[in-house]
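Chains, contacts and geometry: an overview
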2 protein chains.
Amino acid sequence: MKTIKNDVQNIVRDMLQGFYFEHKERVYYDSKHHIIYRKDLGDIGQNVVLLSGGGSGHEPAHFGYVGDGMLSIAVSGPIFIPPTPEQILAAIRKADKNKSVLMVVKNFKADVDNFLTAESIALKEGRSVDHILVNDDVSIENDATFNKRRRGVAGTVFVHKIVGAAATEGFSLQKLKEIGSSVVSNLHTLGVALTPANNPTQTETSFTLEDHEVYFGVGIHGEKGYRKETFDSSEKLAIELMNKLKSIYRWKKGDKFAVLINGLGATPLMEQYIFSNDIRRLTQLESIDVRFFKVGSHLTSMDMKGISLSLLKIEDPNWEKWLKADVRVSSW
Amino acid sequence: MKTIKNDVQNIVRDMLQGFYFEHKERVYYDSKHHIIYRKDLGDIGQNVVLLSGGGSGHEPAHFGYVGDGMLSIAVSGPIFIPPTPEQILAAIRKADKNKSVLMVVKNFKADVDNFLTAESIALKEGRSVDHILVNDDVSIENDATFNKRRRGVAGTVFVHKIVGAAATEGFSLQKLKEIGSSVVSNLHTLGVALTPANNPTQTETSFTLEDHEVYFGVGIHGEKGYRKETFDSSEKLAIELMNKLKSIYRWKKGDKFAVLINGLGATPLMEQYIFSNDIRRLTQLESIDVRFFKVGSHLTSMDMKGISLSLLKIEDPNWEKWLKADVRVSSW
C-alpha cells in the first residue's frame, strides 16, 4: 500500500503543518507538542474549554473539530499512539488559568493513563480539570479472547459536538461532565471493515481479509473484530449492525435517536450514502424516530475501507438542539 | 474491490435517498430525475440560480454543494455518465421562470452535448439560461494519443463557490457568466493516481498500476495519464505537479493564488494534509502569495487513491472574498 508521505518519522508534524496552513487565520499550532488550538482561546466567554486528542491516523479527529461550538484544543500523538502526559499537560496549559478544562478521552488504556496523569499534575498546579471517558464501541463479545474494555470510537464526535455546543451556553465544569457522561451512556457504535488499516509505521497489518470478506466489530487501530463473513450487500451490513445495536437498546416505537454513519478513511462518500439509505429504511421499519442524521468520514482508521454506525438515544431534547447548533470547525 | 452497494442498477438512487434523508430539512429530492435542489428555491432573492451536475462517482460533487451561497440545483447521471437532456431540462425547470439559470458544465463531450441540448430547449420555452464550461485539467500533453479537449475536473468546485457567492449579491446572468469564464481561464488542475478508479458498473478498470507505481495526469473517470513512475514521496508528487503548473502560469513573485488540494476518493485526510504541507513549502519557495487554501475530498473518482492540485491565479480581489464567504452546504 502506497502512503502519500515523506519521512515516516515526521508524518504527524507534516500533517499538522498542512492543516495549520489551511486554517492559520483561526487556529495556532504548537509544533513542539503537536497541539492545534483556537486563536481566540483567551477571549472566549464560556467558563469551560473542551480539549480532546489521541493517536493520529483518525483524521479529521481531532483537530478538524477545533473551533467555536466544539473543541478548543486538540493534541495529537504518533499514529495509533496517544500523546504523552507532557503533551497533554501543555495542551491543558493553553487555557487561561481561570477557565476550567474538560477533556474528552477515548477509552483505551494508554489514552486513559496519559490523560489522567496530565490531569493530576494540572490539578496540583491549581487548575480546574476533569474528563469524560467515551466507550461507545460495543463490538467485543468474547471476554476470553478480547480485553473487556469498551473502546472509544466514532461516537466520540457526537460527544464533542453536544458538549461543545453546551459549553458555549456557559455551563459549569460539573454540569458539562454530567451532560457528557449521560450522552456516553446512551451512545453505542459498531463498525465493519472491508479492508485492514494500513499503518505506515509498521510493516504488517494487524489482520488480513480475503478479497470477498468483511470483518464485523473491528477497532479503529486495526483491532480484530468478532466475525468474518463473505461480503454480500450494503443492506446485509446494515442489518447486522442494526440488529446488534437493537439487542443493546431494546428500543420502543417512537424512541428518539441521533445517527452517525462514519466512513473509516478509504470509503467513498457514494458508498457511505448507499449504506445510509439502508440504515434509513431499517430505522423506518423499526419505527424509531431519527431526529438527527450525520454522514461522513469523521473518525477514521488510516486507509481502512469500512464503515461504522453510531446510535445515540436522545434522552434530553437539548442534545438534539446542540447537535444541530451552528459550529465553526473544518470537519463537522 | 468490494463496493458497499446493493443492486448496481440502483446505486445513484440509493445514494441520493441517503443524502436526502440527511438533508431533508433544507433540500428536496426529485427521484425521477435524480435532482437535489434547495427547498427555498422559490424564495431566494438573487436573480440567477446556479445549476451543476454530471455523472455520479464524483461525490460530494455535485449535490454536496447545494445550498445558500453555492449551487441551487444539482442533477446526477449514472456512474461516470452525464445526466440526459431530459434530466437537465427538468433541473432547469425547478427554477422560477422569472429567474435566470446559469449552468456549470465540465468539459467532456457527452456532458457538453447534453447540457447544451437542454439549454436550447429551455431557451425555446422562453427561459433565460446560459452556461460556463470548466476545462481546468491540463494533463493532456500528447495530441496524438489523447483527445485534445481539456477536461473539467476538481477546479470546478472553485467555480461553484465563487460564482455561487457572487450570485447572492444579485449580479445578472451575463455578469456571472463573465465572472465564471474569467475564473476558468485562470484555473488549472493536475492530478496523480496511486490506484485506479473502481467502477462497480464495469468489470475492468481502465488502467492498471503496479504496487510501486503512480500515474500522473489521470482523469476523473479513469482516463489514462501522461506518465507512470515509481512512487517515492509526497514531496516528489508535489514537485511534479507544481512544476507542470508553473510552466503554464509562468508566475512572478507575489502573484496571488488560491489552492485546492483534492483527495480523489480513497485518500485519507492525513495524506492530503501531508501533501498540502509539501505544496505549502513549494509555494513559499516560489514566493507566490497563497490567499486561500482548501483541502479535502471535493471532486472524487470512486475508489481512486490519489490527489489533485488546482491553482487559481487571483486576478480580481472579489474572487478571494467570494471563496471565503460563508456558505450553507454539506461539503464545502
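All figures in this text were calculated on a predicted structure; none of them were measured in a lab.

Each helix and strand in chain A was counted, giving 8 helices and 12 strands. Relative to its length of 332 residues, chain A is compact, with a C-alpha radius of gyration of 19 Å against a globular reference of 20 Å. With the C-alpha coordinates of chain A rotated into their principal frame, the extents come out at 55 × 50 × 40 Å. Within chain A, the fraction of its 332 residues that count as buried is 63%. When the accessible surface of chain A is summed, it comes to about 12,100 Å², and 45% of that surface belongs to carbon and sulfur atoms.

Before going further, it helps to spend a moment on the interface of chain B and chain A. Contacts between the two partners involve 60 residues from chain B, matched on the other side by 59 residues from chain A. Contact between chain B and chain A buries roughly 4,800 Å² in total, counting both sides, with carbon and sulfur atoms accounting for 61%. Three residues, K2, I4 and M270 of chain B, lead the burial of chain B against chain A; their summed loss comes to 20% of the area buried on that side. Put simply, D326 of chain A and R328 of chain B hold a salt bridge, and the shortest N to O gap is 3.0 Å. Run the count over chain B and chain A and you get 34 residue pairs in polar contact (both at pLDDT 80 or more). The set of elements that each furnish at least two residues to the side of chain B that touches chain A consists of α1 (11–23), β8 (213–216), α6 (234–249), α7 (269–285) and β11 (289–296) of chain B. A per-element tally of the side of chain B that touches chain A places α7 of chain B first, with 12 residues. Of the residues contributing to the side of chain B that touches chain A, the split by class is 25 nonpolar, 16 polar and 19 charged.

Attention now goes to the layout of surface pockets. In this approach a probe as big as a water molecule rolls over the atoms, and the regions it shows empty are the leftover space. In this model, the second largest pocket occupies a volume close to 1,100 Å³. Classifying every residue of the lining of the second largest pocket gives 14 nonpolar, 15 polar and 12 charged.

The next subject is the packing of α6 of chain B against α7 of chain B. All names here are of chain B. One way to put it is that α6 packs onto α7 with a least axis distance of 9 Å and a crossing angle of 50 degrees. Of the possible angle classes, the one that applies to α6 and α7 is oblique. Crossing geometry of α6 relative to α7 is assigned as right-handed. In this structure, α6 contributes S234, E235, L237, A238, I239, L241 and M242 to the contact, and α7 contributes I274, F275, D278, I279, R281, L282 and T283. Class assignment for the residues of the contact of α6 with α7 results in 9 nonpolar, 2 polar and 3 charged.

Our focus in this paragraph is the sheet that holds strand β7 (residues 187–193) of chain A. Residues and elements named next belong to chain A. Strand order in the open sheet formed by 6 strands is β9-β8-β7-β12-β10-β11, and the pairing between neighbours is mixed. Bordering the open sheet on either side are β9 (227–230) and β11 (289–296), each of which pairs with just one other strand. Sheet twist, expressed as the mean angle between neighbouring strand axes with direction ignored, is 20 degrees. Note that strand β8 (residues 213–216) and β9 share 4 bridges and pair antiparallel. Across the sheet, residue V214 finds its bridge partner in β9, namely E229.

The next subject is the pattern of salt bridges. Residue and element names in this part refer to chain B. Counting across every chain of the model gives 54 salt bridges over all chains. Measuring nitrogen to oxygen at the nearest pair gives 2.9 Å for the salt bridge that ties R151 to D137. Here D137 lies in the loop between β6 (128–134) and α4 (156–167) and R151 lies in the loop between β6 and α4, a separation of 14 residues in the sequence. Each member of the pair, R151 as well as D137, is classed as buried. One salt bridge in this structure joins K321 and E169, with 3.1 Å as the shortest N-O distance. Here the residue K321 occupies a position in helix α8 (residues 317–324), and E169 occupies one in the loop between α4 and α5 (173–184), the gap between them amounting to 152 residues. According to the relative accessible area criterion, E169 is partly exposed, its value standing at 43%.

About the criteria used
- Residues numbered from 1 in each chain as written.
- Chains lettered and ligands numbered in written order.
- Predicted model: local features only at pLDDT ≥ 70, side-chain atom pairs only at ≥ 80, totals over all residues.
- Heavy atoms only, no water.
- Helix = DSSP H or I, 4+ residues; strand = E, 2+ residues; numbered from the N terminus.
- Rg over C-alpha atoms; globule rule 2.2 N^0.38 Å.
- Buried < 20%, exposed > 50% of the residue type's maximum accessible area, 1.4 Å probe, protein only.
- Areas by Shrake-Rupley, 256 points an atom, 1.4 Å probe, with all protein chains shown as cover.
- Contact = heavy atoms within 4.5 Å.
- Buried area = accessible area lost by both parts, 1.4 Å probe.
- Salt bridge = Lys/Arg side-chain N within 4 Å of Asp/Glu carboxyl O.
- Polar contact = N/O pair within 3.5 Å; in protein donor to acceptor, adjacent residues only side chain to side chain.
- Nonpolar A, V, L, I, M, F, W, Y, C, P; charged D, E, K, R; others polar.
- 1 Å grid on protein atoms, 1.4 Å probe; cavity = no way out; pocket = protein on both sides within 12 Å on 5 of 7 lines; lining within 4 Å.
- Points joined across faces, edges and corners; volume = space filled by probe spheres on them.
- Axes fitted to C-alpha atoms, helices over the stretch in contact; angles between N-to-C directions.
- Parallel < 35°, antiparallel > 145°, perpendicular 65-115°, else oblique.
- Left-handed = near helix turned anticlockwise from the far one by under 90°.
- Pairing = 2+ DSSP bridges.

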